[in-house]
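An overview of the molecular structure
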Amino acid sequence: MSFSEKGKLSGDDIHLTPLINDLDTGIWKYNFNTREVKWSTGFYAVLGYQLNEIECTANTFFEHLLYHGDKPAFTNAINNRITENTPPLQLRFLTKKNGYQWFETTIRKLDDEHGSIAYGSLININRYKYNDLLSAHNQIINDDAFKTARLGIWEIELQNAQTIVLSKQVYDLFDLQNHLNLSVEEFISFFEPPYRPVLQNAINNTINHSRPFDIDLLLRSAKNHMLWLKVKAVPVINHFGKCTAIKGVVQDIDSEKRKLLKHEQSINLLTDQNRRLQNFAYIVSHNLRSHTGNLQFMVNLFEQTDANEEREEIFSHIKTISDSLDLTIEHINEIVKIQTEITKERKIVELEPMFKSICSALKNNIESINARVEWDFTQCGEISYIPAYMESILQNLLTNSLKYSHPDRPPVIKCYTIQEGNHIYLIFEDNGLGIDLERYGDKIFGMYKTFHNNSDAKGIGLFITRNQVEALGGSIKVDSAVNVGTKFTIRLA
């Protein structure tokens, strides 16, 4: 909805003006067809303004008078269906001398010769609303249901913005004695590092812009208990529309949150498995159809040829196709094996001994090109993983780096782990041929995709590696530049 300036009630409404202006009530009127707005003299009066002291414009109404948090409710009420049973709407408006106060407006609609009209009254109910809010606040403080719901309250007075006042229930959630005084910074520090700036920014936004917030945060209590909490807050506004305090609640939502996260994880896993299954079905269909088509063509050609020499040549082609089909089926079995092994129990895998063993197995390959292989697993020396997967991942990436080394410089291959927050990353770097990501970036992990002229390149290793990593909930990405080198980053957990 939008308003346009048309001034106070007049014209066809002139006979209503004396009656309306004698009431301690503001009247507004809005024409949906012409977007014309009219305000009564009482509209100015109930807000404490002189006639025409404020402009009758949309900008004045929405950006100056109406409290920002009440805009959606008013807009919905104006645009939705209204009947005689529609209850009055309670909104906050900025008065001239007393800051934001509560008003009640009864909205009605009618259609006449001038178009579709919405109109309503504006009555000050601040005293009654304040008493209701105060009563509700006192009831909340003394309500035993807070204990049952593991719900507590907190408050920050901006005159002493460094200190936060907490109810006993909040201290219980934090596993603290309730005689301790906490600063806002100390309160925030109990939440896990990724969530601290989220809470700090929310508090700052409430102070600076009077914005309420409702966020879910992960707490580490004084007794090292991990707990999901819902933290909500609303601003307390003074006469000038400025935030003077923040009042909020903290509620234990750990059980519901963990169920939700587990449900989301299951959905993501099913979605990912379905995507891989569709991809796998396409690959199987495409590759097997190609082999069987070629094989059928050669068999037909063989049957139609009588010359022994030609039949021998055709038969050699049939044998080649047969061998290729056998290799494809072997690769498909390897991919199916990934899905069957995912149910195996994870075990603690020590990365350095496993990587050294793989290097020993590939010793001839390493020495033949005079490669230098370096590793550093100090940040994460072991991880819970399916051992067969980890061995396959390490071997595929090392083999890949050796296979695509640059002929003009000694190969240098680095393998190491890093830990950032709750995630563990396995990094593989080399100074080899590199890959043109602009041309092949979307095909690197595809089946039978090769990007160099190596005769032994099969295009299956990276496809299997990605499937193994993703099957356990991880991810893999590549950074590469032609003739510079390649870096694989694998998020293991």
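Keep in mind that this is a model prediction, so the values were computed, not measured. (Residues numbered from 1 in each chain as written. Predicted model: local features only at pLDDT ≥ 70, side-chain atom pairs only at ≥ 80, totals over all residues. Heavy atoms only, no water.)

1. Digging into the overall build of the protein
Rule in force here: Starting at the N terminus, helices and strands are each numbered in turn, a helix being any DSSP run of H or I of at least four residues and a strand any DSSP run of E of at least two. Working definition: with a 1.4 Å probe on protein chains only, accessible area under 20% of the residue-type maximum means buried, over 50% means exposed, and in between means partly exposed. Residue contacts are defined here by distance: any two heavy atoms, one from each residue, within 4.5 Å place the two residues in contact. For every accessible area listed, the method is Shrake-Rupley and the probe measures 1.4 Å; residues are considered covered only by the protein chains on display.
The secondary structure content of the protein amounts to 16 helices and 20 strands. The buried share of the protein, reckoned over its 493 residues, is 40%. Pairs at least 24 apart in sequence give 57% of the contacts found in the protein among residues at least 6 apart. Total accessible area on the protein is roughly 28,200 Å²; 49% of this is exposed by carbon and sulfur atoms.

2. Quick look at helix α16 (residues 461–471)
Among the 11 residues that make up α16, 10 are buried, leaving the element largely enclosed by the rest of the structure. Within α16 the residues assigned to the buried category are L462, F463, I464, T465, R466, N467, Q468, V469, E470 and A471. Remark: G473 follows α16 within two positions and exhibits a positive phi of approximately 85°.

3. Here we look at helix α4 (residues 71–79)
Three or four residues apart is the spacing at which side chains of an α-helix point the same way, because the helix has 3.6 residues per turn. As a reminder of what qualifies: Working definition: the arc comes from the directions between the helix axis and the C-beta atoms, pointing outward to the latter.
Those residues of α4 that sit buried are F74, A77 and I78. Seen from one end, α4 has its buried residues packed into an arc of 100°, which puts them on one side.

4. What to know about the nonpolar core
One recurring pattern in soluble globular proteins is that nonpolar side chains are buried together. We apply this condition: Definition used in this section: a nonpolar core is a set of buried Ala, Val, Leu, Ile, Met, Phe, Trp, Tyr and Cys residues joined via side-chain atoms within 4.5 Å.
Core analysis: the largest hydrophobic core is formed by 39 residues, its most contacted members being F355, Y385, M390, L394, L398 and F428. Elements with a minimum of two residues in this core: α12 (351–361), β16 (382–385), α14 (387–403), β17 (412–420), β18 (423–430), α16, β19 (475–481) and β20 (485–491). Take this core: its biggest share by element is seven residues, from α14. Ignoring anything within four residues of it in the chain, the contact list for F428 reads F355, L394, L397, L398, S401, I413, K414, C415, T486, K487 and F488. Formed by 29 residues, the second largest nonpolar core is a distinct cluster that contains W154, Y171, F187 and I215.

5. What to know about the pairing of strand β2 (residues 26–31)
A regular strand carries its side chains on alternate faces of the sheet. Selection rule: Note: two strands are recorded as paired if DSSP finds a minimum of 2 bridges between them.
When you tally the buried positions in β2, you get five out of six residues, the bulk of the element. Pairing analysis gives six bridges linking β2 to strand β7 (residues 115–124), with the strands arranged antiparallel. Of the residues in β7, the one forming a bridge with Y30 is A118. In terms of strand pairing, β2 meets strand β3 (residues 36–39) through four bridges, oriented antiparallel. Bridge pairing in β3 places N31 opposite E36. Once β2 ends, the chain turns through four residues before running back antiparallel as β3, passing R35 with a positive phi of about 60°.

6. Things to note about the sheet that holds strand β8 (residues 151–157)
To keep it simple, the criterion reads: To obtain each axis, a line is fitted to C-alpha atoms, and for helices this fit is confined to the stretch in contact; angles are then taken between N-to-C directions over 0 to 180 degrees.
The sheet built from six strands is open, its strands ordered β10-β9-β8-β13-β12-β11 with antiparallel pairing. Lying at the two open borders of the sheet, with one neighbouring strand each, are β10 (182–183) and β11 (213–220). Here strand β12 (residues 226–237) runs beside strand β13 (residues 243–252); their pairing, made up of nine bridges, is antiparallel. Considered in β13, the bridge of V236 is made with A245. Against the sheet, helix α9 (residues 196–209) engages β8, β11, β12 and β13, with an angle of about 150° to β11.

7. Section: the pattern of salt bridges
The following threshold applies: The rule for a salt bridge is simple: a side-chain nitrogen of Lys or Arg has to be within 4 Å of a carboxyl oxygen of Asp or Glu.
Counted by the stated rule, this structure contains 12 salt bridges. The shortest N-O distance in the salt bridge between D70 and R92 comes to 3.0 Å. Placement of the pair is D70 in the loop between α3 (58–65) and α4 and R92 in strand β4 (residues 89–95), with a sequence separation of 22 residues. What makes D70 buried here is its relative accessible area of 8%. Residue D254 is joined to R258 by a salt bridge in which the shortest nitrogen-to-oxygen separation is 3.0 Å. One end of the pair is D254 and the other is R258, both in helix α10 (residues 254–304) and four residues apart, which spans about a single turn. By relative accessible area, which is 14% here, D254 ends up buried. Residue R258 is classed as partly exposed on the basis of its relative accessible area of 39%. The network of salt bridges with common partners includes D214, D216, K230 and K257.

8. Quick look at the sheet that holds β18
Spatially, β15-β17-β18-β20-β19 is the arrangement adopted by the five strands of the open sheet, whose pairing is mixed. One side of each edge strand has no neighbouring strand; the edge strands of this open sheet are β15 (372–376) and β19. The mean angle between the axes of side-by-side strands here comes to 15°, regardless of whether they run parallel or antiparallel. One ladder, built from seven bridges, connects β19 with β20; its direction is antiparallel. Following the sheet pairing, I476 is matched in β20 by I490. The strands touched by α12 are β15, β17 and β18; relative to β15, the strand with the most contacts, the crossing angle is about 170°. On top of the sheet, α16 reaches β19 and β20; it is set at about 140° to β19, its chief contact.

9. Points about the packing of aromatic side chains
Test applied: Pairing of aromatic rings covers Phe, Tyr and the six-membered ring of Trp, with a centre-to-centre limit of 6.5 Å; geometry is then stacked below 30 degrees between planes, edge-to-face above 60, and tilted otherwise. Over a ring means this: the NZ of a Lys or the CZ of an Arg is within 6 Å of the ring centre and within 35 degrees of the ring normal.
Applying the stated criterion to the full structure yields 19 aromatic pairs. A centroid spacing of 5.8 Å and a plane angle of 75° characterise the contact between F187 and F191, whose relative ring orientation is edge-to-face. No difference in accessibility class separates F187 from F191, as the two residues are buried. Three or more aromatic residues link up through ring pairs in this structure, and these residues are W28, W39, F43, Y44, F61, F74, F93 and F103. The lysine or arginine in question, K257, covers the ring of W228, its NZ or CZ lying 5.0 Å from the ring centre. Here the guanidinium or amino end of R311 rests over the ring plane of F302, the centre of that ring lying 3.9 Å away.

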